[in-house]
Amino acid sequence: MAELESSKYLSGLLNGIAQNTYYENKEITEELLKNELYPDISQEEFHALLEKMKGVLKSIASADMDFNQLEAFLTAQTKKQGGVSAEQAAVLSKFWKNHKSKIRESLISQSRWDNSLRNVSWRVDLKTQSRHADQVSAAVGVVELELGKTGKESEFICLEFDEAKVNHVLKKMCEIEESISAITHNS
């Protein structure tokens, strides 16, 4: 029963570390974690446990370990002086299996400095009005780009292409494809 309770508290600690470090929930503090999970141990003992778990979790997350790498890493940690216990390794393994994708996505979004492309949509319209009579009923390609950062409002860019511009873009894309093919086939 004590082992189950200990696992539960360690799991709570790992969730708290993830909330604060990876999910940017600053309401989860060291003081809150200590008071809620480990009120009976000294501040020094708790701080040492917290730092050890932060370090292990950081190593696992920064290496984006798959489950075979995780097992090997945790086995090495259990044999290492001052490493983790077998019980802690089991809790870490279960935690990583449940949180790997969310932590990975969080790290990727935190590492982006600029906007990223969220969505592309396109359509072909026919012009119904124009200053020049010869442009009425001409096909026009419309491309809409949605740019933004995670957690922030998107920006939209709308581009219009006449037939000549569409052909020019297609020609450039073919040149890019040929360049990539030449590079990849030479390797």
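Residues numbered from 1 in each chain as written. Predicted model: local features only at pLDDT ≥ 70, side-chain atom pairs only at ≥ 80, totals over all residues. Heavy atoms only, no water.

The name given to the protein chain in an unreviewed UniProt entry is COMM domain-containing protein 1, with the source organism recorded as Huso huso. Under Sequence similarities (unreviewed entry), UniProt gives the following word-for-word description of the protein chain: "Belongs to the COMM domain-containing protein 1 family." (UniProt positions renumbered as here; feature names shortened; annotations may be inferred.)

A. Main features of the overall build of the protein chain. Along the backbone of the protein chain there are six helices and three strands. When the helices and strands of the protein chain are listed from N to C terminus, the series reads α-α-α-α-α-β-β-β-α. Against the globule reference of 16 Å for 187 residues, the protein chain gives a C-alpha radius of gyration of 27 Å, more extended than a compact globule. Dimensions of the protein chain along its principal axes, counting C-alpha atoms only, are 85 × 45 × 25 Å. (Helix = DSSP H or I, 4+ residues; strand = E, 2+ residues; numbered from the N terminus. Rg over C-alpha atoms; globule rule 2.2 N^0.38 Å.)

B. Looking closely at the nonpolar core. In terms of nonpolar packing, the biggest core is built from 29 residues, with Leu13, Leu14, Met53 and Ile60 touching the most fellow members. Secondary structure elements with two or more residues in this core: helix H1 (2–21), helix H2 (30–37), helix H3 (43–62), helix H4 (67–79) and helix H5 (86–111). When residues in this core are grouped by element, the largest group, eight residues, is from H3. Other than its neighbours up to four places away in sequence, Leu14 contacts Met53, Leu57, Val91, Leu92 and Phe95. (Core = buried A, V, L, I, M, F, W, Y, C linked by side-chain atoms within 4.5 Å. Buried < 20%, exposed > 50% of the residue type's maximum accessible area, 1.4 Å probe, protein only. Contact = heavy atoms within 4.5 Å.)

C. Local environment of the sheet that holds strand S2 (residues 139–148). Read across the sheet, three strands follow the order S1-S2-S3 without closing on themselves; strand pairing throughout is antiparallel. The open sheet has two edge strands with one neighbour each: strand S1 (116–126) and strand S3 (155–161). Neighbour-to-neighbour, the strand axes of the sheet open up by a mean angle of 15 degrees, direction not taken into account. (Pairing = 2+ DSSP bridges. Axes fitted to C-alpha atoms, helices over the stretch in contact; angles between N-to-C directions.)

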